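# A closer look at the structure
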Amino acid sequence: MALIAPDELPVLRPASDVADVAANAKLDAEKMALAKLINSTANTGEYTALYNNQISEEAIDALESEGYTVTQRSPVRTADPKFQYIISWKP
């Protein structure tokens, strides 16, 4: 189940529905942040985006299953490579 839309926040939902949302909220929010970065970057004509946060294995799997390449930034180029990723979609 996806995150609860802002206009639906005042609606009381069954506890089982809300539990499903909570169970997937972190991954859903992470994927939404990645999608916004990728789509905004593509709108500028670029094929590569730099993400400055750790990406979960589940989100990496989701990106790669959609055809994206995800690599951690080289330690030579950043102080903490585990928190910097290059996401690319060049054909």
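Within any chain, residue numbers begin from 1 and follow the written order of that chain's sequence. With the structure being a predicted model, the display of local features is reserved for residues of pLDDT at least 70 and the display and counting of side-chain atom pairs for 80 or more, all residues being used for whole-chain, interface and lining totals. Side-chain metrics in this entry use all non-hydrogen atoms of the structure; hydrogen atoms and water are not considered.

### Some words on the overall build of the protein
Looking only at helices and strands, the protein has 2 helices and 3 strands in total. Helix and strand definitions follow DSSP, with helices as H or I runs of at least four residues and strands as E runs of at least two, each counted in order from the N terminus. Along the protein, from the amino end to the carboxyl end, the secondary structure elements read α-β-α-β-β. At 16 Å, the protein has a C-alpha radius of gyration far larger than the 12 Å of a compact globule built from 91 residues. The rule is simple: take the accessible area with a 1.4 Å probe, protein chains only, and divide by the maximum for that residue type; under 20% is buried, over 50% is exposed, in between is partly exposed. Residues counted as buried form 20% of the 91 residues belonging to the protein. Two residues form a contact once any of their heavy atoms are found within 4.5 Å. Considering only contacts in the protein between residues 6 or more positions apart, those separated by 24 or more positions represent 55%. As presented, the protein carries roughly 6400 Å² of accessible surface, and 54% of it is formed by carbon and sulfur atoms. Atoms counted for the radius of gyration: C-alpha only. Globule rule: 2.2 Å times residue count to the power 0.38. Computed by Shrake-Rupley with a 1.4 Å probe, the accessible areas treat only the displayed protein chains as cover when residues are assessed.

### Quick look at helix 2 (residues 57-65)
Listing the buried residues of helix 2 in full gives Ala59, Ile60 and Leu63. Buried residues in helix 2, looked at end-on, bunch into an arc of 100°, giving them a common side. Opposite the buried face of helix 2, at more than 90 degrees from it, the exposed residues are Glu57 and Ser65. Buried residues in helix 2 make contact with helix 1 (15-42), strand 2 (69-72) and strand 3 (85-88). As used here, the arc is the angular range of directions from the helix axis to the C-beta atoms.

### Looking at the environment of Asn39
Relative to the helices and strands, Asn39 resides in helix 1. On the basis of relative accessible area, Asn39 is assigned to the partly exposed category, the value being 46%. Remark: the alpha-carbon pair of Asn39 and Ala49, spanning 10 residues in sequence, is separated by 9.6 Å.

### Some thoughts on the nonpolar core
Residues grouped as a nonpolar core are buried Ala, Val, Leu, Ile, Met, Phe, Trp, Tyr and Cys residues, joined through side-chain atoms within 4.5 Å. In this structure, Leu34, Ile38, Ala49, Tyr51, Ile55, Ala59, Ile60, Leu63, Val70, Tyr85, Ile87 and Trp89 together form the largest nonpolar core, which totals 12 residues. Broken down by secondary-structure element, the contributors of at least two residues to this core are helix 1, strand 1 (48-51), helix 2 and strand 3. With 3 residues, helix 2 is the largest single contributor of residues to this core. Sequence-distant contacts of Leu63, defined by excluding residues within four places in its chain, comprise Leu34, Ile38, Tyr68, Val70 and Ile87.

### Things to note about the packing of aromatic side chains
Pairing of aromatic side chains here covers Phe, Tyr and the six-membered ring of Trp, requires ring centres within 6.5 Å, and sorts the geometry by plane angle: under 30 degrees stacked, over 60 edge-to-face, intermediate tilted. Under the criterion given, the structure shown has 1 aromatic pair. The interplanar angle of 75° and the centroid separation of 6.1 Å between the aromatic rings of Tyr68 and Trp89 together place this pair among those described as edge-to-face. Here Trp89 lies in the segment after strand 3 and Tyr68 lies in the loop between helix 2 and strand 2, a separation of 21 residues in the sequence. Look at Trp89 and you get buried, because its relative accessible area is 19%.

### What about helix 1?
Given 3.6 residues per turn, any residue in an α-helix points the same way as the ones three and four places further on. Helix span, as expected, comes to 1.5 Å for every residue beyond the first. Its 28 residues place the ends of helix 1 39 Å apart at the C-alpha level, agreeing with the 40 Å of an ideal helix rising 1.5 Å per residue. Of all the bends in helix 1, the largest measures some 55° and sits at Ala25. Looking at helix 1, one finds that the buried residues are Val21, Asp28, Glu30, Leu34, Ile38 and Thr41. In this fold, the buried residues of helix 1 make contact with strand 1, helix 2 and strand 3. Take the seven residues that end at a residue and the seven that start at it, fit an axis to each, and the angle between those axes is the bend at that residue.

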